[in-house]
Amino acid sequence: MKEEELTDVEILIVEDNPHDLELTLRALRKHNITNKILTLSDGAEALDYFFSDGKFSGRDINRKPRVIFLDLKLPKVDGLEVLEKLRANEATKTIPVVMLTSSTEEKDRLQSYKLGVNSFLVKPIAFDEFIKAVSQAGFYWLALNRPPEDGERR
């Protein structure tokens, strides 16, 4: 991926299931939420992106997405560990994170909120419900939410 594509990311989706990823992208497109989207397939890749490591070495870490859609059950590094590392770092702790997961486990929801998730959405089984949930979340975080200015986010 070219550097200019990495610096303009507004939505970061970390999802290992290709079917769920396609549904998420379709939901965003259906409601004209076609902002610059980067998709990653595991937690280790997400951490490399945020902390300018591995294939993202040299990426400007001061350029942050406006929202992260993070799956809970990811290969290599799970979503809770990614969330914990994001919240522990000054440069990334204020980026909105939406846990988008199929888990209905109370312990997963509670742990996500303890670690600082902004929203916890269970992926609906029905296609129409899934489209609605993702598009509403995307609209909220991109159009309605008022994040701190960049100088305040650090």
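Quick notes on the rules
- Residues numbered from 1 in each chain as written.
- Predicted model: local features only at pLDDT ≥ 70, side-chain atom pairs only at ≥ 80, totals over all residues.
- Heavy atoms only, no water.
- Helix = DSSP H or I, 4+ residues; strand = E, 2+ residues; numbered from the N terminus.
- Expected span 1.5 Å × (residues − 1).
- Buried < 20%, exposed > 50% of the residue type's maximum accessible area, 1.4 Å probe, protein only.
- Arc of directions from axis to C-beta.
- Contact = heavy atoms within 4.5 Å.

**Q** Looking at this structure, how should I read helix α6 (residues 127–144)?
**A** The periodicity of an α-helix, 3.6 residues per turn, causes residues three or four places apart in sequence to face the same way. Counted at 1.5 Å a residue, the expected span for α6 with its 18 residues is 26 Å, and the 25 Å between its end C-alpha atoms agrees. Taken residue by residue, α6 has Phe-130, Ile-131, Val-134, Ser-135, Ala-137, Gly-138, Trp-141 and Leu-142 as its buried positions. Considered in projection along α6, the buried side chains sweep an arc of 160° and stay on one side of the axis. Away from the buried face of α6 by more than 90 degrees, exposed residues Asp-128 and Lys-132 are located. On its buried face, α6 sits against β1 (11–14), α2 (18–30), β3 (67–70), β4 (97–101) and β5 (119–122).

**Q** I tried to follow the environment of Asn-35 on my own but got confused; where do I start?
**A** Structurally, the position occupied by Asn-35 is in the loop between α2 and β2 (37–40). Sequence spacing of Asn-35 and Glu-10 is 25 residues, and the spatial spacing of their C-alpha atoms is 6.2 Å. Not counting residues within four places of it along the chain, the set of residues in contact with Asn-35 comprises Glu-10, Ile-11, Arg-66 and Leu-142.

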